[in-house]
Amino acid sequence: MISLRSEGRAMGAVISRNFSLIRRYLGWEVVFAFYNAVNALTIALIGLAEPGPGQGERVLYLAIGALLWNFLSVLFFEISNSVMWERWEGTIEYSFMAPVRRITYLLGVCAYAVVYGLARTLVVLLGIFLLFHLPLAHADIGGALLVLAAASLPFIGLGLLGAIMPMLSAERGAQATQVIQGVLLLVSGIYYPISVLPHWLQTVAWFSPATYTLTAVRQAVLQGTAPGALLATVLGLLGAGLILVPIGVWAFHIAERYALRTGKLKRNG
Amino acid sequence: MLAIECVDVAKSFRPEGDSPFRRKREKVAALQGISFAMPEGECFGILGPNGSGKSTLIRLMCTLLLPDSGQMRVFGRDVVTAPQEVRRLIHRVSVEASFFKKLSAQENLDYAAGLYGLDRQTARRHAQEILDRLGLPRAKYRAPLEEMSRGQQQKVAIARALLTSPTLLLLDEPTTGLDPRSRRDVQAFVEDIRRDYRASIVLCTHDMQEAQRLCDRVAVLRDGRFIALDTPEELAAAHGGGQGLEGAFLALTGEDPNDEEELDA
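The sections below set out a description of the structure shown in this document. Since we're looking at a predicted model, the values are computed, not measured.

**Considerations on the interface of chain B and chain A**
Contact with chain B, which involves 42 residues of that partner, is made by 41 residues of chain A. Carbon and sulfur atoms supply 55% of the area buried between chain B and chain A, which totals about 3,600 Å² over both sides. Scanning the region where chain B abuts chain A turns up five salt bridges. Taken together, chain B and chain A are joined by 18 residue pairs in polar contact (both at pLDDT 80 or more). When residues of the side of chain B that touches chain A are traced back to their parent elements, those giving at least two are strand S1 (2-13), helix H2 (83-89), strand S6 (90-93) and helix H3 (105-115) of chain B. When residues in the side of chain B that touches chain A are grouped by element, the largest group, four residues, is from H3(B). Among the residues making up the side of chain B that touches chain A, the classes are represented as 16 nonpolar, 10 polar and 16 charged.

**A short note on the sheet that holds S6(B)**
All names here are of chain B. The strand order across the open sheet built from six strands is S6-S7-S8-S3-S9-S10, with neighbouring strands paired in mixed fashion. Since the sheet does not close on itself, it has two edges, and those belong to S6 and strand S10 (225-230), each with one partner. Between one strand axis and the next, the sheet turns by 15° as a mean value, whatever way the strands run. Sheet analysis places strand S7 (residues 168-172) next to strand S8 (residues 200-204), joined by five bridges and oriented parallel. From the neighbouring strand, Leu170 faces S8, where its bridge partner is Val202.

**Observations regarding unusual backbone geometry**
All names here are of chain B. One non-glycine residue, Asp8, adopts positive backbone phi at about 50°. Take Asp8: it is sitting in strand S1. Residue classification places Asp8 among the partly exposed residues on the basis of a relative accessible area of 46%. Phi at Glu173 is positive, roughly 50°, even though this residue is not glycine.

**Here we look at the side chain of B:Ser104**
Tracing the backbone through its elements, the reader meets B:Ser104 in the loop between S6 and H3. Aside from chain neighbours lying at most four places away, what touches B:Ser104 is A:Arg24, B:Tyr141, B:Arg142, B:Ala143, B:Pro144 and B:Leu145.

**Observations regarding the packing of aromatic side chains**
For any pair of aromatic rings, geometry is given as the distance between the ring centres together with the angle between the planes. All names here are of chain A. Evaluation of the coordinates by the stated rule reveals 10 aromatic pairs over all chains. Between Phe19 and Tyr112, the ring centres sit 5.0 Å apart and the planes meet at 75°, which makes this aromatic pair edge-to-face. Residue Phe19 is located in helix H1 (residues 2-24), and its partner Tyr112 is located in helix H6 (residues 102-131); the two are separated by 93 residues in the primary sequence. A relative accessible area of 33% places Phe19 in the partly exposed class.

Basis of the calculations
- Residues numbered from 1 in each chain as written.
- Chains lettered and ligands numbered in written order.
- Predicted model: local features only at pLDDT ≥ 70, side-chain atom pairs only at ≥ 80, totals over all residues.
- Heavy atoms only, no water.
- Contact = heavy atoms within 4.5 Å.
- Buried area = accessible area lost by both parts, 1.4 Å probe.
- Salt bridge = Lys/Arg side-chain N within 4 Å of Asp/Glu carboxyl O.
- Polar contact = N/O pair within 3.5 Å; in protein donor to acceptor, adjacent residues only side chain to side chain.
- Helix = DSSP H or I, 4+ residues; strand = E, 2+ residues; numbered from the N terminus.
- Nonpolar A, V, L, I, M, F, W, Y, C, P; charged D, E, K, R; others polar.
- Pairing = 2+ DSSP bridges.
- Axes fitted to C-alpha atoms, helices over the stretch in contact; angles between N-to-C directions.
- Buried < 20%, exposed > 50% of the residue type's maximum accessible area, 1.4 Å probe, protein only.
- Phe/Tyr/Trp six-rings, centres within 6.5 Å; stacked < 30°, edge-to-face > 60°.

Quick look at the structure:
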C-alpha cells in the first residue's frame, strides 16, 4: 500500500515537474501553439484552393490530418525526448538513481504527454473552427474520439521505443527520433491517401498505426461511419498498443542496462 | 555493519565518440582492483587527480554504472542485483548541481521528494529547515535555479540529498568551485550531518584541508587504483615530508592538488 502510494507520488512528481516547466517556458509554449495552429490552418486552406463541389470535405480531410498529426506527433515527441530533455538539463542521473520503478517514471511521462498533446490539439482545433465552416452534420465525433483514444496506445509504444535512442547515443539518438517522426509523417497518409505513395512506401505505411488511425477517423467524420463499423480498426490499434507498449518498456530497460554498462547515462556520455 | 564493501571492482569504458555502429576502439580502464571496506558512520575520503576514477567509483556506488567485475555492496545490498534497495539508502551531491535550471529550488525539491515517494508538505518543511541551516535566503526559495550563484545551487543540491534522509551520502567534489565562505558553510554542514543524522559519507575532493577536516580515512586513487589508504594523519606522516596531506598527495600522485582544483573549477 505504502509502495503504491510512493509510486503514485513519483508519477505525480514527473507530471507536475513537466507542467512546471511549461509555466517557466510559457513564452515558447505560446509560440509553439501559435505555429501549430497557423501550420494547420495553412494546410487546411489548401483545400479551398480548388473551387467547386466537395470543397468543404477537402478542407475537413486536410484539417483531420493536421489535427491528428498534431496530437500524435506531440505524443511521440514528448515521450521520445523525455530522456534527451533530462540529459540536456543534466538531471537524468538524479532521476534514474531515485528508488522509483522505471515503469512508474515512464507512465508519468506518458500521462503528461497525452494531456499536453490534447491541450495543444485543442488550440489548433479552436483555430480551425474560427476560420472554417466545416461540414460536420454527418460526422460521428464519438467514433473519431474512440479511434483517437485507441491510437494513443501504439503511439505511446513508439514513443517509448524512440526514447531509448538518446540512451544509446546522446546526440545521434535525438537525431534518430526526428527521423522516425519524419518517416511516420511521410508514409501515414496525413494529408493525402497512401495510394499516391510509391509502392514500396505504401508497404512501409502498413506498419504505421497513424495510417489506420487517419483512415478510421476520416471515415467517422467525413462519412459518419458508426463506432461499431470502426471496431476492427479500434481493436487493431489497441492490439498494436498492447504489443508496442510492453516492447517499448522492455527495450527501455535493455537500453538503460546498456547505458549503465557503458557509462552513456551521464550528461556528455 | 559495513556501509560499503567493495571487492576487486573493475570498470572500463570505450573512448567517447564511439558509437554502436562503428568499429570498436580499445577500452580504457577507469578502475582496477578496487577493494575496501567502509564501516557504518565513517567519512571516507577519496583523493585523486582528474581522470583517476573518483566519479566512476561514486557512480558505481549509486547504481548509475555497472561494474565489469568484482562486487560492491551498500549496507549488504549488491549494487547490481538489488539496485532499488541500494537507491533507497543513498543520495549523491555531485560537482555539478544538476537541476532543471528554469525551475525554482522549491519546484526542483518537490520533484526530488516526489520521486522518493515523500509527502510534498512534509518534504517542503524539511527542505526549508535544511536550507535555513545552510544559510540560503528564503527569498531565493522560489527563484529559478539559473538566478542563483553556484554556491547557492550547491546548497539546494545538498538539501535535495538530505531530504530523503540517506543512510549513505555520496559527496562528489561538493565544494569545488565554491567561494571560501560557501565552502566553509558546506563543510560545517557535512560535520553537522555526521553528528545529527549519523550518516556514512563518501567524500571525493581535491581540497586537502577539507579531507583533513572531514575524513576519518582517505584513499588516494591514481590511474584507477588505490595507491594508499589510511587516516589523513598517517598518510601525511608517511608520505607528506612535513607538508601534511598536500605533500602526501604530491608525493603519491606526482601532481599538485591545487592545479587540479583550478582545472575542475
